[in-house]
Amino acid sequence: MAASRTVSQSVSPSKSFLSKIGVLTIYGFGVRVRVHSGHLEIEDGIGPERRKLRFARVGHGLKRLVLIGSDGFITLEALHWLSAQDVAFVMLERDGKVFCLTGPVRPSDARLRRAQALAGQSAVGIEIARELIDKKLAGQERVARYKLLASESADVISQYRAELPNADTQERIRVIEACAAGVYWFLWRSLPVAFPKKDEPRIPDHWRTFGARVSPLTGSPRVAVNPANAMLNYLYSLLASESRLAAAALGLDPGLGLFHLDTAARDSLAYDLMEPVRATVDAFLLDWITRDLLKREWFTERPDGNCRLTSSLAIRLSETAPVWGRAVAPVAEWLAQKLWSSPRRNSVRHQILPTRLTQSRKRCAQGGEAQSASTRPPRRESICRECGRTVQRGNTRCGNCRIEVATRRMADVARVGRLTAHGSQAQAKRSNTQRRNAISWRSWKPSSQPAWLTEQLYSARIRPLLEQRSGTSIARAIGVTCAYGSRIRQGNRPHPRHWQALARLVGIEGSD
């Protein structure tokens, strides 16, 4: 009996499934990640999309391994393989919850961690929190002013930002940040979210707009009830995982925050590092939902109304993880240097920490430029507005839908044309033309015709030459419509008053 088609019987080329920036997203039931003969072997997928991948230790190109779901296993040897290759492993749920995160960790200096622990309510911690929120509000102001085109709201956010230098407590900074957030997210509530026309009957009403940032299920942004907020929560989870990796790589404690309060099972410092980059993530999602369509098959709705992402969309969003990692890297290095400079001993305060994430010091020493924090996320796919199929970039409809739309449009255009042709303006124009032709007909006299221009001359010499002329040129020569000029070209004999102009058109004069 032939092998089942639901399970691939051969190992697929690993690099064909990697994104251009080295992200591999795995999903499905019975996911397996293990090491065999020095190679990382991965098996994932569902049904006919089941696949087996194999990565060697050299030339694999893998930088991020993202697991969506919780069904399957990963061996300790596989985690060691990923750590030795400086590959980060992230385990996410479709609602944006981070289950597990491992990545490259550098040995830290105890003095740096001690400075981090003591900076919570100190002047250094307040200064750091003030700077982080200042960058966050600046980003929200740009989004409000240039993306949402709400200048008045942007001015209000700017006013709240101007109060930060006078905020001398963490509580006051939190109040300013919350007030600005209320103004900012209010602008998002009525943003329309478009779907292909084929999916319109299956779309709940509360999915058609961005809605409130606070979920009615939890009273917080978690557990979103519509696609736009579910996508934003997932992107924030990717940013949180990249922030935690950045903190660990610099020797900081990801769970010991400065602005966010200590909470069980939360990396508060990672949430601190996220603040200046959140507006960049917001702008990415805003461009998506305002310029492109969302597919109904990308989302599922649970019995309680929770909206979750399917694997196809989660894979696309996971490819943006390294982009957010590069964006948060300068923030993490700045924060680490700020904490390192906080002790009173001059020998430590003036020491500059290595820039392990951006390598900016190394680049500057070699005469190069520091790494830019502005990065461009991967391109989004274009979707047909009618059926939801993937189309080439720049197109709004697929080939079949373009034909159907053009057919419907042609019928509408013909209907409008008939109404226009029988309208009062068209009738008045035809009346003027008929009146002008009648006057020309009555004023013409046969005696005014040249003696050489006879009916025999027209039939024998002029008419054959008119067949070589275009209907437009004939119409212009005698002042008639192009349709009538085409009929003359085909053999219809015009009124004798037009013969002399037609003779000149074909080059016949009286002396010929």
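All of these numbers come straight from a predicted model, not from anything done at the bench. (Residues numbered from 1 in each chain as written. Predicted model: local features only at pLDDT ≥ 70, side-chain atom pairs only at ≥ 80, totals over all residues. Heavy atoms only, no water.)

A. View of the sheet that holds strand β1 (residues 23-26). On the basis of which strands lie adjacent, the open sheet formed by four strands has the order β1-β5-β7-β8 and mixed pairing. Edge positions in the open sheet fall to β1 and β8 (98-102), since each of these has one partner strand only. Within the sheet, the average angular offset between the axes of one strand and its neighbour, ignoring direction, is 15 degrees. Across four bridges, β1 lies against strand β5 (residues 64-68) in parallel orientation. When the sheet's bridge partners are listed, isoleucine 26 is paired in β5 with leucine 67. (Pairing = 2+ DSSP bridges. Helix = DSSP H or I, 4+ residues; strand = E, 2+ residues; numbered from the N terminus. Axes fitted to C-alpha atoms, helices over the stretch in contact; angles between N-to-C directions.)

B. Main features of the environment of arginine 302. Along the chain, arginine 302 falls in the loop between β9 (299-301) and β10 (307-309). Since its relative accessible area comes to 40%, arginine 302 is described here as partly exposed. (Buried < 20%, exposed > 50% of the residue type's maximum accessible area, 1.4 Å probe, protein only.)

C. Representation of the packing of helix α4 (residues 151-162) against helix α5 (residues 170-186). Two elements in contact, α4 and α5, have axes separated by 9 Å at closest approach and are oriented at 175 degrees. As summarised for this structure, α4 and α5 are arranged roughly antiparallel, according to the angle between their axes. Here α4 contributes Ser153, Val156, Ile157 and Tyr160 to the contact with α5, which in turn contributes Ile176, Cys179, Ala180, Val183 and Tyr184. Along the lines of polarity and charge, the residues of the contact of α4 with α5 split into eight nonpolar, one polar and no charged. (Parallel < 35°, antiparallel > 145°, perpendicular 65-115°, else oblique. Contact = heavy atoms within 4.5 Å. Nonpolar A, V, L, I, M, F, W, Y, C, P; charged D, E, K, R; others polar.)

D. Local environment of the side chain of glutamate 275. Of note, glutamate 275 is situated in the loop between α7 (268-274) and α8 (278-291). On the basis of relative accessibility, which here comes to 3%, the residue glutamate 275 falls in the buried class. Within polar-contact distance, the side chain of glutamate 275 engages the side chain of lysine 136 at 2.8 Å. Glutamate 275 has contacts with Leu132, Ile133, Lys136 and His260, leaving out every residue within four places of it along the chain. (Polar contact = N/O pair within 3.5 Å; in protein donor to acceptor, adjacent residues only side chain to side chain.)

E. Molecular detail of the layout of surface pockets. A volume near 1300 Å³ is recorded for the largest pocket. Elements with a contribution of two residues or more to the lining of the largest pocket: β8, α3 (123-147), α5, α6 (227-249), α7 and α8. At six residues, α6 tops the list of elements feeding residues into the lining of the largest pocket. Classifying every residue of the lining of the largest pocket by side-chain character gives 16 nonpolar, eight polar and 12 charged. (1 Å grid on protein atoms, 1.4 Å probe; cavity = no way out; pocket = protein on both sides within 12 Å on 5 of 7 lines; lining within 4 Å. Points joined across faces, edges and corners; volume = space filled by probe spheres on them.)

F. Examining α4 more closely. Compared with an ideal rise of 1.5 Å per residue, which puts 12 residues at 16 Å, α4 spans 16 Å between its outermost C-alpha atoms and is within 8% of the ideal. Within α4, burial applies to Ser153, Ala154 and Ile157. The buried residues of α4 occupy one face: seen down the axis, they fall within an arc of 100 degrees. Relative to its buried face, α4 has exposed residues pointing more than 90 degrees away, namely Glu152, Gln159 and Ala162. Its buried side turned inward, α4 meets α3 and α5. (Expected span 1.5 Å × (residues − 1). Arc of directions from axis to C-beta.)

G. Molecular detail of the pattern of salt bridges. With the rule as written, the count across this model stands at 24 salt bridges. Of the charged contacts in the structure, one is a salt bridge between arginine 34 and glutamate 41, with a shortest N-O distance of 4.0 Å. Its relative accessible area of 18% is what places glutamate 41 among the buried residues. The closest approach of N and O atoms between aspartate 199 and arginine 202, which form a salt bridge, is 3.1 Å. Within this structure, Asp134, Glu141, Arg145, Asp155 and Arg161 form a network of salt bridges that share partners. (Salt bridge = Lys/Arg side-chain N within 4 Å of Asp/Glu carboxyl O.)

H. Fine view of the pairing of β5. The buried fraction of β5 amounts to five of the five residues, a majority that puts the element mostly inside the structure. Along β5, one buried face is formed by Arg64, Val66 and Ile68 and the opposite face, lined by Leu65 and Leu67, is buried too. Of the strand pairs in this sheet, β5 and strand β7 (residues 88-92) are connected by five bridges, and their pairing is parallel. Residue pairing for β7: leucine 67 is matched across the bridge by methionine 91.

I. Highlighting the sheet that holds strand β2 (residues 31-36). Here four strands make up an open sheet; going across it, the order is β4-β3-β2-β6 and the pairing mixed. The open sheet has two edge strands, β4 (51-55) and β6 (72-74), and neither has a second partner. On average, adjacent strands in this sheet sit at an angle of 20 degrees to one another, irrespective of strand direction.

J. Spatial organisation of the nonpolar core. With 91 residues, the main nonpolar core has Trp188 and Phe299 as its most contacted residues. Here this core takes 13 residues from α6, the largest share from any one element. Apart from residues lying up to four places away in sequence, phenylalanine 299 is in contact with Phe195, Trp207, Pro227, Met231, Leu294, Cys307, Arg308, Leu309, Thr310 and Leu313. Within the second largest apolar cluster, 19 residues are counted, among which are Val31, Val35, Ile42 and Val87. (Core = buried A, V, L, I, M, F, W, Y, C linked by side-chain atoms within 4.5 Å.)

K. Geometry of the packing of aromatic side chains. Taken as a whole and assessed by the stated rule, the structure comprises 10 aromatic pairs. On the basis of an interplanar angle of 90 degrees and a centroid distance of 6.2 Å, the ring pair of tryptophan 288 and tryptophan 298 is categorised as edge-to-face. Separated by 10 residues along the polypeptide, tryptophan 288 in helix α8 and tryptophan 298 in the loop between α8 and β9 bring together distant segments of the chain. With 5.1 Å between their ring centres and 10 degrees between their planes, tyrosine 458 and tryptophan 499 make a pair best called stacked. Pair noted here: tyrosine 458 is in helix α15 (residues 455-466) and tryptophan 499 is in helix α18 (residues 499-506), with a separation of 41 residues, a long-range link. Overall, the relative accessible area of 5% leaves tryptophan 499 in the buried class. (Phe/Tyr/Trp six-rings, centres within 6.5 Å; stacked < 30°, edge-to-face > 60°.)

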